Amino acid sequence: MFLVLLSFILLHFHLKQLELSGAQKTLQGRREVLEQACLSHTKKRRVLSPEDLKHLIVDDKHGLIYCYVPKVACTNWKRVLMVLTSNGRYTDPLAIPANEAHVAGNLHTLSEFSVTEINQRLRSYLKFIFVREPFERLVSAYRNKFTRSYNTAFHKRYGTKIIRRHRLNPEAEAMEKGNNVSFREFVQYLVDPRTQREEPFNEHWERVHSLCHPCLIHYDVVGKYETLEPDAQAVLRLAAVEGKVQFPTSSKSTRTDGNMAARFFQYISPFYQKKLFNLYRMDFLLFNYSTPEYLRTR
């Protein structure tokens, strides 16, 4: 009986090891694709400034650096890092309110350190990033920021500008409230050259390569939203903290996927689809996402 139990434990351990090595191969493959794409598509390297490092969250206690990308489970990752850096004040990520996870100052970013301290951390810490199919992330950002009645700050800040600039004969109420921006108007705003000349993109629709600089910073792990749970588990295992915190599982029933993105894109003309694809092209290339089948760019 003891031998049977022992062989079962050994088999289970062996399967776990195989599973881990399979996950590690996947992660290694992504790193190689990213490095190759960086070599092929970036002309010259530049020096990073502190401004470039505002999205890199630092956990000195466990030697971690995480570049957060809005609409790619960043609320849950921030909650996990708050648990890890709180010295026992937090134990359950989901007990932390979402708005509290985004309060500036609850977590430290790499931009707060001196150049020497930045370089030391970049050399020795485990660096990770989570990415998502670019157009699914974009549709998710649009749905969250422009179709939810509670997001009045976004409606005022961006909606009013989009409506004034991209709607023919807008009504006075729409120009004042900015609360009924269509996806087509949002796309027109994104591809309009004036938009980026006037100010940087908001972080919710800024390209991942502009937020996290993956061709200048060597990320050890590139996780994907599409395989979020196993990839998150792999990060916690590599960081040797899987016993301290669990990554929260998602309960979202209306998660933005390829089918939903396709429904939004069917109302976008081929001309604008092509312009938008060119805008997000680097994210597709660097993170090995194929051109969506629903695109009509010819």
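Shown above is the structure to which this text applies.
Because the structure is a prediction, the values reported are computed rather than measured.

A. Local environment of the packing of aromatic side chains. Tallied over the full model, the rule gives 27 aromatic pairs. Arranged with centres 5.5 Å apart and planes meeting at 75°, the rings of F183 and F264 form a pair that is edge-to-face. On the criterion of sequence distance, the pair formed by F183 in helix α8 (residues 183–191) and F264 in helix α12 (residues 258–265) is long-range, its members being 81 residues apart. Owing to a relative accessible area of 6%, F183 belongs among the buried residues under this scheme. Given the relative accessible area of 23%, F264 is considered partly exposed. Its end group placed over the ring of Y158, R157 keeps NZ or CZ at 4.6 Å from the ring centre. The ring centre of Y289 lies 4.0 Å from the NZ or CZ of K224, which sits over that ring.

B. Geometry of the state of the cysteines. Counted under the stated rule, the structure contains two disulfides. Note that C38 is cross-linked by a disulfide to C215, the S-S spacing being 2.0 Å. One disulfide, between C38 and C215, carries an S-S torsion of -85° and so falls in the left-handed class. Taken together, the residues C38 in helix α1 (residues 2–41) and C215 in the loop between α10 (208–212) and β5 (221–224) connect sequence positions 177 residues apart. The disulfide partner of C67 is C212, and the gap between their sulfur atoms is 2.0 Å. What sets the handedness of the C67 and C212 disulfide is the S-S torsion sign, and at about -85° it is left-handed. Linking C67 in strand β2 (residues 64–67) with C212 in helix α10, this pair joins segments that are 145 residues apart in sequence. The exposure classification of C67 matches that of C212, with both residues buried. Here the cysteine-cysteine linkages of the protein chain are recorded as 1-4, 2-3, numbering only bonded cysteines and doing so in sequence order. For the unlinked cysteine C74, the closest cysteine sulfur is that of C67, found at 10 Å.

C. Molecular detail of helix α2 (residues 74–85). With twelve residues, α2 should reach 16 Å at 1.5 Å per residue; the first-to-last C-alpha distance of 16 Å fits that figure. Summarising burial for α2: ten of the twelve residues are buried, a large majority. All buried positions along α2 are accounted for by C74, N76, W77, K78, R79, V80, L81, M82, V83 and L84. Where α2 terminates, the next one or two residues include N87, which has phi positive at roughly 55°.

D. Focus on the pairing of strand β4 (residues 126–131). Burial analysis of β4 places six of its six residues in the buried class, which makes it a mostly covered element. What you see with β4 is no split at all: L126, F128 and F130 on one side and K127, I129 and V131 on the other are buried throughout. Pairing between β2 and β4: four bridges, direction parallel. In the sheet register, L64 faces β4, and the bridge partner there is L126. Inspection of the sheet shows β4 paired to β5 by four bridges, in the parallel sense. Looking across to β5, one finds that I129 is bridged to V222.

E. Region of the structure containing the side chain of S140. Mapped onto the fold, S140 is located in helix α5 (residues 134–146). Of the residues examined, S140 reaches a relative accessible area of 9% and is grouped as buried.

F. Representation of the nonpolar core. With 87 residues, the main nonpolar core has W77, F186, L190, W205, L276 and Y280 as its most contacted residues. With sequence-adjacent residues up to four places away left out, F186 is seen in contact with L138, Y142, F146, I162, V181 and W205.

G. Structural detail: the pattern of salt bridges. Applying the stated criterion across every chain, the model contains 15 salt bridges. The salt bridge partner of E185 is R167, with a shortest N-O separation of 2.7 Å. Remark: R167 occurs in the loop between α6 (152–166) and α7 (172–177) and E185 occurs in helix α8; sequence separation between them is 18 residues. Here K177 makes a salt bridge to E173, at a shortest N to O gap of 3.1 Å. Here the residue K177 and the residue E173 both occupy positions in helix α7, the gap between them amounting to four residues, near one helical turn. Each of R157, K161, R165, E198 and E199 takes part in one network of salt bridges that share partners.

H. How the structure looks around the sheet that holds β5. In spatial order, the strands read β3-β1-β2-β4-β5; together these five strands make up an open sheet with mixed pairing. Because the sheet does not close on itself, it has two edges, and the strands there are β3 (108–109) and β5. Helix α11 (residues 228–238) rests against β4 and β5 of the sheet, and its axis sits at about 170° to β4.

Thresholds, definitions, all that
- Residues numbered from 1 in each chain as written.
- Predicted model: local features only at pLDDT ≥ 70, side-chain atom pairs only at ≥ 80, totals over all residues.
- Heavy atoms only, no water.
- Phe/Tyr/Trp six-rings, centres within 6.5 Å; stacked < 30°, edge-to-face > 60°.
- Helix = DSSP H or I, 4+ residues; strand = E, 2+ residues; numbered from the N terminus.
- Buried < 20%, exposed > 50% of the residue type's maximum accessible area, 1.4 Å probe, protein only.
- Lys NZ or Arg CZ within 6 Å of the ring centre and 35° of its normal.
- Disulfide = S-S within 2.5 Å.
- Expected span 1.5 Å × (residues − 1).
- Pairing = 2+ DSSP bridges.
- Core = buried A, V, L, I, M, F, W, Y, C linked by side-chain atoms within 4.5 Å.
- Contact = heavy atoms within 4.5 Å.
- Salt bridge = Lys/Arg side-chain N within 4 Å of Asp/Glu carboxyl O.
- Axes fitted to C-alpha atoms, helices over the stretch in contact; angles between N-to-C directions.

These results come straight from atomic positions and should not be treated as a statement about function.
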